[in-house]
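What follows is the residue order along each chain.
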Amino acid sequence: PLLWLGGGARHAGAAVQRLVDMGWAVVSSVQGRGILAEQHPMSLGAFNVQKPVEALYASVDAMLVVGSRLRSNETLNYKLQLPANRYRIDANSLADQRAYSSDYFVQADADLALHALADRLQARMHIDPNWARDVGQARLAAEALVDASLGPYVALKDSLNRVVAQTGRGVWWVRDITLSNSMWGNRSLWLNHPRAGVHALGGGIGQGLAMGIGASLAAQAHQLGRKTVALVGDGGFMLNPGELACAQQEKAQIVVLVMNDQRYGVIQNIQDAMYGGRRCYVDL
């Protein structure tokens, strides 16, 4: 059994943990990260589209999708091969049969429905003894696949994860729309809190620095005990450099990682893909 968790399940961590304790595994969309700590042995994290995880889906008897729209960018434009038996819980009735068909749909609050399901399944689950092993192997293979595409950036990613592991508390991980976020920021840094991942859902660049400052000030005001780290591209960063004055004035405790490829990398890729490599105004 496998849970696919989206942002609509962020408040359902305790209910998710009950099912995990029964032997369920968890995979998430970017919005569902950290509901189950991503270092948990039954977590596939947000490695939801990599080939090793897609292969694992073929062995899944039942996937329960909770609070996720199964968007195109989370499913390889709806070509991702999900398990044959799919069930869905969502507060929005319009989610029924959206993007992928489901065998059964329940319109309900994620937390209430998952607790009710856990009540029904208590002491009734019969889990393949190799399931945890298979989940762990798929996760490691998916991570290795992503790492292999990162070149020297893997050292940066690994050093951040070491810091996260050493603190034991994790970070508030804020990302702008930048190539580094698309390649690894959305999945490769371990998150252990459903609100730990902050990013621009609408896809616009330039918001990362401001969001990072806001997250940092909220963490300081409420004494949340986590460092705020913002991952931004140089193109997005240059849209709002004036926010640095705000960070200084408010004494925001924030680390900003500026990924400098000297261009609007995302826009360059779009121009190469859609306009035959005719580039305009992308080199900084």
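Everything here concerns the structure above.
These notes cover the structure that comes with them. Not measured: the values here are computed from a predicted model.

Here's the deal with helix H1 (residues 13–21)
Residues of H1 that are buried: Ala-15, Val-16, Leu-19 and Val-20. Taken end-on, H1 shows its buried residues confined to a sector of 145 degrees, consistent with a single buried face. Exposed side chains of H1 directed beyond 90 degrees from the buried face belong to Ala-14 and Asp-21. In this structure, the buried side of H1 is in contact with strand E1 (2–5), strand E2 (25–28) and helix H3 (110–121). Trailing H1 by a residue or two, Gly-23 shows a phi angle of about 115 degrees, which is positive.

A few points about the packing of helix H7 (residues 208–221) against helix H9 (residues 243–250)
Packing of H7 against H9 brings their axes to within 9 Å, and their N-to-C directions diverge by 10 degrees. Classified by the interaxial angle, the pair formed by H7 and H9 is roughly parallel. The hand of the H7/H9 crossing is left-handed. Where H7 abuts H9, its residues Leu-209, Ala-210, Ile-213 and Leu-217 lie against Glu-243, Leu-244, Cys-246, Ala-247 and Glu-250. Looking at the contact of H7 with H9 residue by residue, the classes come out as seven nonpolar, no polar and two charged.

Observations regarding the environment of Val-256
Relative to the assigned elements, Val-256 resides in strand E9 (residues 254–259). Separated by 27 residues in sequence, Val-256 and Val-229 have C-alpha atoms that sit 6.0 Å apart.

Here we look at the packing of aromatic side chains
Scanning the entire structure with this criterion turns up one aromatic pair. A ring pair is formed by Trp-173 and Trp-184, whose centres lie 6.0 Å apart and whose planes are at 35 degrees; its orientation type is tilted. Here Trp-173, found in strand E6 (residues 171–175), pairs with Trp-184, found in helix H6 (residues 179–185); they are eleven residues apart in sequence, far enough to count as distant. Stacked on the ring of Trp-172, the Lys or Arg Arg-226 has its end atom at 4.9 Å from the ring centre.

Examining the side chain of Ser-188
The residue Ser-188 is located in the loop between H6 and strand E7 (197–199) in this model. Residue Ser-188 is classed as buried on the basis of its relative accessible area, which comes to 6%. Setting aside its immediate chain neighbours within four residues, Ser-188 contacts Arg-33, Phe-47, Val-146, Lys-157 and Asn-161.

Focus on the pattern of salt bridges
Taken as a whole and assessed by the stated rule, the structure comprises nine salt bridges. A salt bridge links Lys-157 to Asp-158, with the shortest nitrogen-to-oxygen separation between them at 2.8 Å.

Comments concerning the sheet that holds strand E8 (residues 227–233)
Pairing in this open sheet of four strands is parallel, and the strands run E7-E6-E8-E9 from one edge to the other. Of all the strands in the sheet, the pair left with one neighbour each is E7 and E9. Between one strand axis and the next, the sheet turns by 20 degrees as a mean value, whatever way the strands run. Across three bridges, E6 lies against E7 in parallel orientation. Bridge pairing links Arg-175 to His-199 in E7.

Here is what the cut-offs are and how they apply
What you see as residue numbers is a count from 1 along each chain, following the sequence as written. Where totals are concerned, whole chains, interfaces and linings use all residues; where local detail is concerned, this predicted model gives features only for residues with pLDDT of at least 70, and gives and counts side-chain atom pairs only at 80 or more. By convention in this description, side-chain values take in all heavy atoms of the structure and omit both hydrogens and water. Buried residues are those whose accessible area, probed at 1.4 Å on protein chains only, stays under 20% of the maximum for their type, while exposed residues exceed 50% and partly exposed ones sit between those limits. Here a strand is any run of E in DSSP of at least two residues, a helix any run of H or I of at least four, and the numbering for each starts at the N terminus. Think of the arc as the fan of directions from the helix axis to the C-beta atoms. Contacts are assigned to residue pairs that have any heavy atoms within 4.5 Å of one another. Angles run from 0 to 180 degrees between N-to-C directions of axes, and those axes are lines fitted to C-alpha atoms, restricted for helices to the stretch in contact. Roughly parallel here means an angle under 35 degrees, roughly antiparallel means over 145, roughly perpendicular means 65 to 115, and every remaining angle is called oblique. Crossings are assigned a handedness: left-handed for a near helix turned anticlockwise from the far helix by less than a right angle, right-handed for a clockwise turn. Residue classes follow a fixed rule: Ala, Val, Leu, Ile, Met, Phe, Trp, Tyr, Cys and Pro count as nonpolar, while Asp, Glu, Lys and Arg count as charged, and any other residue, Gly among them, counts as polar. In summary, the pairing rule links any two rings of Phe, Tyr or Trp, Trp by its six-membered ring, whose centres are within 6.5 Å, and it sorts them by plane angle into stacked for under 30 degrees, edge-to-face for over 60 and tilted for everything else. Consider the ring centre and the ring normal. A charge sits over the ring if Lys NZ or Arg CZ is within 6 Å of that centre and within 35 degrees of that normal. Salt bridges are defined by distance alone: a side-chain nitrogen of Lys or Arg within 4 Å of a carboxyl oxygen of Asp or Glu. Any two strands with at least two DSSP bridges between them are considered paired.

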